[in-house]
Amino acid sequence: MEDFLNELNEEQRKAVLATDGPVLIIAGAGSGKTRTLTYRIAYLIKKQLAKPSEILAVTFTNKAAREMKERLTTLLGSQALPLWMGTFHSVCARILRTEAEHIGLSRNFTIYDVDDSVRALRKILSSKGLSPQKFNPKVVQSRISRLKNHFVLPENLLEQELDDEYDQIVAEVYQAYMAFLKKNEALDFDDLLIRPIQVFDDFPEIKAKYNKKFQYILVDEYQDTNHAQYLLLKRLVNERKNLCVVGDEDQSIYGWRGADIKNILNFNRDFPEARIFKLEENYRSHNNILQAANAVVRNNKSRLGKNLWTRKQDGPKIKLVVADDEADEALKVVEIIHDEMYTHKRSFKDIAILYRTNAQSRALEDQLRRNAISYTIIGGVKFYDRKEIKDVLAYLKVLVNPADSVALRRIINFPLRGVGETTVNKIERFAEMENITLFDALGRVEEVANISATMGSRVKQFYLMMKKFMELKDELNAVELASTLVSEAGIMHHYQTEYDQYESESRIENIKELFATMEQFTREREGEGRDSDLAAFLEEVSLMTDIDTWNESSNAVTLMTLHSAKGLEFPVVCITGLEMGLMPLQRTSADLKELEEERRLFYVGMTRAMESLYLTYAKYRRRYNAGTYNTPSLFLDEIPTELLEFKTRIAGTRGASRGKRKTERKAKLEAYFQNDDQNQDRSGEFFVGQKVYHETFGKGQIIQLEGSGDKMKITVHFGRDGITKKLIKKFANLTPLEEN
DNA sequence: CAGCTGTATCTTTTT
DNA sequence: GATACAGCTG
């Protein structure tokens, strides 16, 4: 017992030992926050202050929850398993499923993701005759989500007179949307948080049950909780107020999602008796990295302030790398990777490449692939967002919850069975008249007016097939059910025949991977003695993010957004795209609050690095159609010059600037931009990124230029055959193609 | 009336 | 540079 207390520093130990009453732990980046939390839980259990089942620990991602659970199992064995650990959303889903019968909710409710919500709203808006130009479904979705995050319900809005016409309509649509969800027995992400609050308020006996159950509550990443989560916590905490929250206001990066930094800043106003501990020793990063990060975040006004320090050596300077454009930036990233591998004996998995927007990954991917560097991408098109996965899941969702019309509409004519929009609309109108679900209406298709006999039998055939599988639901386990369904419904056949070989293989591969995940899920859940049925699996999947499925052990460079990188660490980190307009993002620079969040985001990125940190930016970058010339991010100016090394080439040469003075560096940067303009304006010449045509190879794109004049070597990637060729200008006979 | 083809429209970050 | 939708065709 005491052994593991010795593994903590004094402040961490104090935080672990302060078991009772409200506790706020301000934990700087890399200060051993997870370790402190884990040991605190272990301590509670070992000292028998609480049974595992009386502890609730809320983490920010499912992955964090899984890892903490593993650590606890290592410390305590399987006795720790009954504790509740998960994200707010998964914990809420669990409560709602447990209490479903008492609160008028189907146990098999579907969870709608943003995409589903937008689909639903699109339908509602058009049925109200509102133009999608003026009332963009995505905008309306985010407005409603925002309202929900602030626990504002449609009835609160409608009872007051709203000045703004737009707000008035949003309020009406909001109400219709809630009715739609109810009819479909669906909850969206925000409902998962809101419904338990309502349940606790409406059913005191249920609130009492959970108050009794959860004697100790711990919340990680408290700076990123929103108002609804705050209200929920207030209800979950009982009179003992054993609430321990851990967070770092400098790492609050989810304001746009409704996270309220005030939750952490005002914690001791909510709980005046709260004890506060500050973890300020950083165990992760070399001193240079830490000092640079500190210097950047110091420019923020809204913070509690702390002094993060380390015993570690200074380490190498932070390398600032300038690139011509995004392809060149990617090329330089490749050089960085090579250099780190050969001169510092790193492997792929030690390296992370971070960026502000997912779209930036493309250029990086291209270059990594060409240089045979294995990589994994987190985010972007998520595994569970892939079309084939969504298709299969939609089938399963309908099996579990036939009332889910969004899923049903997705599959009713997939694979194509000749049942189109018009027919579905007719049946839907019938369903509304009869006050039954769309699915039940399919079974009575012969009663629907104006539907031909052939059409009717197509619909009926689909209905009967689904019905049959619904009956098989209890006989087969989740994987058996899913795989039989997928072949019988013709999905496998569809993917085998409708696409080229490469795509077909990868899609089928993905479906198989889904089945493998299901199997693993079933095993794990059975081990814990929890629900392992299809409904439970779908719930888990709905709340899963890319990072949760990330396999750290595979040896590959990791690519992800700065947001996804929160909570992770890598020996080598490279943050790309450090230009004005991208980092900070264009629309954020006007608003000080948003600018500060961008700065925190950069801070989060920097503090992921343990040993080396590279910062790159491109002077020119293509975004949508037009490209833009960019100036370096203002955040770069906030890093003390003596901590920076200015690199124009990565390996071999010492291209580093000796310029220690800011002005000198600025002059250098400006010189770069001058150069660049000339480069780009040389009409008739070739440039990197240019599209060209070659007699034998067809259309291609220049990815590298070496030398000059007729002897210039031009490396071109030809998309058609996916090959890359190095050509001599004189002989290649390349024709430049018009842009676009 | 289903299904295909071409055009318009956007791209911040995610539970 | 992918997706959604309108409009056309069979």
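Source: prediction; values computed, not measured.

Conventions we followed
- Counting restarts for each chain, with residues numbered from 1 along the sequence as it is written.
- Key to labels: chains lettered from A, ligands numbered from 1, both in the order written.
- Where totals are concerned, whole chains, interfaces and linings use all residues; where local detail is concerned, this predicted model gives features only for residues with pLDDT of at least 70, and gives and counts side-chain atom pairs only at 80 or more.
- Side-chain descriptors were evaluated using all non-hydrogen atoms of the structure, hydrogens and water having been removed beforehand.
- Only buried residues count toward a nonpolar core. Its members are Ala, Val, Leu, Ile, Met, Phe, Trp, Tyr and Cys residues joined through side-chain atoms within 4.5 Å.
- The buried label goes to any residue with under 20% of its type's maximum accessible area, the exposed label to any with over 50%, and the partly exposed label to all in between, with areas taken from a 1.4 Å probe on protein chains only.
- Contacts between residues were defined by any pair of non-hydrogen atoms, one from each residue, lying within 4.5 Å.
- We define a salt bridge as a side-chain nitrogen of Lys or Arg found within 4 Å of a carboxyl oxygen belonging to Asp or Glu.
- A run of H or I in DSSP counts as a helix once it spans at least four residues, and a run of E counts as a strand once it spans at least two, with each numbered from the N terminus.
- In this analysis, strands are considered paired if DSSP registers two or more bridges between them.
- Classification of ring pairs uses Phe, Tyr and Trp, with its six-membered ring standing for Trp, and accepts pairs whose centres are within 6.5 Å; under 30 degrees between planes counts as stacked, over 60 as edge-to-face, and the remaining range as tilted.
- Two thresholds decide whether a charge sits over a ring: the Lys NZ or Arg CZ must be within 6 Å of the ring centre and within 35 degrees of the ring normal.
- As a rule, the C-alpha atoms of each element are fitted with a line to give its axis, helices using only the stretch in contact, and angles between N-to-C directions run from 0 to 180 degrees.

Trainee: Would you mind going over the nonpolar core with me for this structure?
Mentor: The nonpolar side chains of a soluble globular protein tend to be buried with one another. Tyr395 and Met466 are the most contacted members of the largest nonpolar core, which totals 59 residues. Contacts of Met466, omitting those with residues within four sequence positions, involve Tyr395, Val398, Leu399, Ile411, Phe439 and Leu485.

Trainee: Explain the pattern of salt bridges here, please?
Mentor: A pair can form between side chains of opposite charge whenever their charged atoms are brought close. Tallied over the full model, the rule gives 51 salt bridges. Where Lys234 meets Asp270, a salt bridge forms, and the shortest distance between an N and an O atom there is 3.6 Å. Of the two residues, Lys234 sits in helix H12 (residues 227-236) while Asp270 sits in helix H14 (residues 267-270), which places them 36 residues apart along the sequence. Using a relative accessible area of 40% as the deciding quantity, one classes Lys234 as partly exposed. Arg346 serves as the salt-bridge partner of Glu340, at 2.8 Å between the closest nitrogen and oxygen. Arg346 matches Glu340 in its accessibility class, with the two residues each being buried. Taken together, the salt bridges that share partners define one network made up of Lys33, Asp220, Glu221, Asp224 and Lys566.

Trainee: What is the right way to read the environment of Gln12 from this model?
Mentor: Considering the arrangement of structural elements, one finds Gln12 in helix H2 (residues 10-17). The spacing of Gln12 and Ser31 is 19 residues in sequence and 9.1 Å in space, taken between C-alpha atoms. If near-sequence neighbours (up to four positions away) are discounted, Gln12 is found in contact with Glu7, Ser31, Gly32, Thr36, Leu279 and Tyr283.

Trainee: Help me out: how do you make sense of the pairing of strand E6 (residues 216-219) in this one?
Mentor: Along any regular strand, the residues point their side chains to alternate faces of the sheet. Of the two faces of E6, both are covered, the one formed by Tyr216 and Leu218 as well as the one formed by Ile217 and Val219. Both strand E2 (residues 55-59) and E6 contribute to a ladder of 4 bridges, which runs parallel. Of the residues in E6, the one forming a bridge with Ile55 is Tyr216. Pairing of E6 with strand E7 (residues 243-247), which is carried by 3 bridges, proceeds in the parallel orientation.

Trainee: Just checking my understanding: could you explain unusual backbone geometry for this structure?
Mentor: If a residue is not glycine, its phi is most likely negative; likewise, a peptide bond is most likely trans. Put simply, Phe414 and Pro415 share a cis peptide bond, and its omega is -10 degrees. Among the secondary structure elements, Pro415 is positioned in the loop between helix H19 (405-411) and helix H20 (421-434). In this structure, the amide linkage connecting Met583 to the following residue, Pro584, adopts the cis form with an omega of 5 degrees. Relative to the helices and strands, Pro584 is located in the loop between strand E13 (570-575) and helix H27 (592-606). One non-glycine residue, Gln48, lies in the positive phi region at around 55 degrees. Along the chain, the position of Gln48 falls in the loop between helix H3 (33-46) and E2. One non-glycine residue, Ala372, adopts positive backbone phi at about 55 degrees. Tracing the chain through its elements places Ala372 in the loop between helix H17 (361-370) and strand E11 (375-377). Judged by its relative accessible area of 64%, Ala372 falls in the exposed class.

Trainee: Before we go on, may I ask you to explain the packing of aromatic side chains in this structure?
Mentor: Two measures describe an aromatic ring pair: the distance that separates the ring centres and the angle between the ring planes. Counted by the stated rule, this structure contains 12 aromatic pairs. A centroid spacing of 5.0 Å and a plane angle of 40 degrees characterise the contact between Phe439 and Tyr463, whose relative ring orientation is tilted. A residue pair is termed long-range when its members are at least 10 positions apart, and Phe439 in helix H21 (residues 438-443) and Tyr463 in helix H22 (residues 453-472) qualify at 24 residues. Taken as a pair, Phe439 and Tyr463 share a single burial class, namely buried. Centre to centre, the rings of Tyr620 and Tyr629 are 4.9 Å apart; their planes meet at 55 degrees, and the pair counts as tilted. A relative accessible area of 17% means that Tyr620 is categorised as buried. The class of Tyr629 is partly exposed, set by a relative accessible area of 41%. Taken together, Trp84, Phe200, Tyr210 and Phe214 form an aromatic cluster joined through their ring pairs. Seen from the ring of Phe109, Arg97 lies directly overhead, with NZ or CZ sitting 4.6 Å from the centre.

Trainee: Any chance you could explain the sheet that holds E7 here in plain terms?
Mentor: For sheets, the rule is that strands pair by backbone hydrogen bonds, running either parallel or antiparallel. The parallel open sheet is built from 6 strands, whose spatial order is E3-E2-E6-E7-E1-E8. Each edge of the open sheet carries a strand with a single partner, namely strand E3 (84-87) and strand E8 (275-279). Strand-to-strand, the axes of this sheet are offset by a mean angle of 15 degrees, without reference to chain direction. On top of the sheet, helix H4 (residues 62-76) reaches E2 and E3; it is set at about 155 degrees to E3, its chief contact.

Trainee: Sorry, what's going on with the sheet that holds strand E9 (residues 318-323) here?
Mentor: In spatial order, the strands read E11-E12-E10-E13-E14-E9-E17; together these 7 strands make up an open sheet with parallel pairing. Strands with a single pairing partner mark the edges of an open sheet, and in this sheet they are E11 and strand E17 (644-647). Strand after strand, the sheet turns through a mean of 20 degrees between neighbouring axes, direction not considered. Alignment of E9 against E17, held across 4 bridges, turns out to be parallel. If you follow Val321 over to E17, its bridge partner there is Lys647. Sitting on the sheet, helix H15 (residues 287-297) is in contact with E9 and strand E14 (609-618), with an inclination near 55 degrees to E14.

Take it as geometry only, folks, not as evidence of what the structure does.
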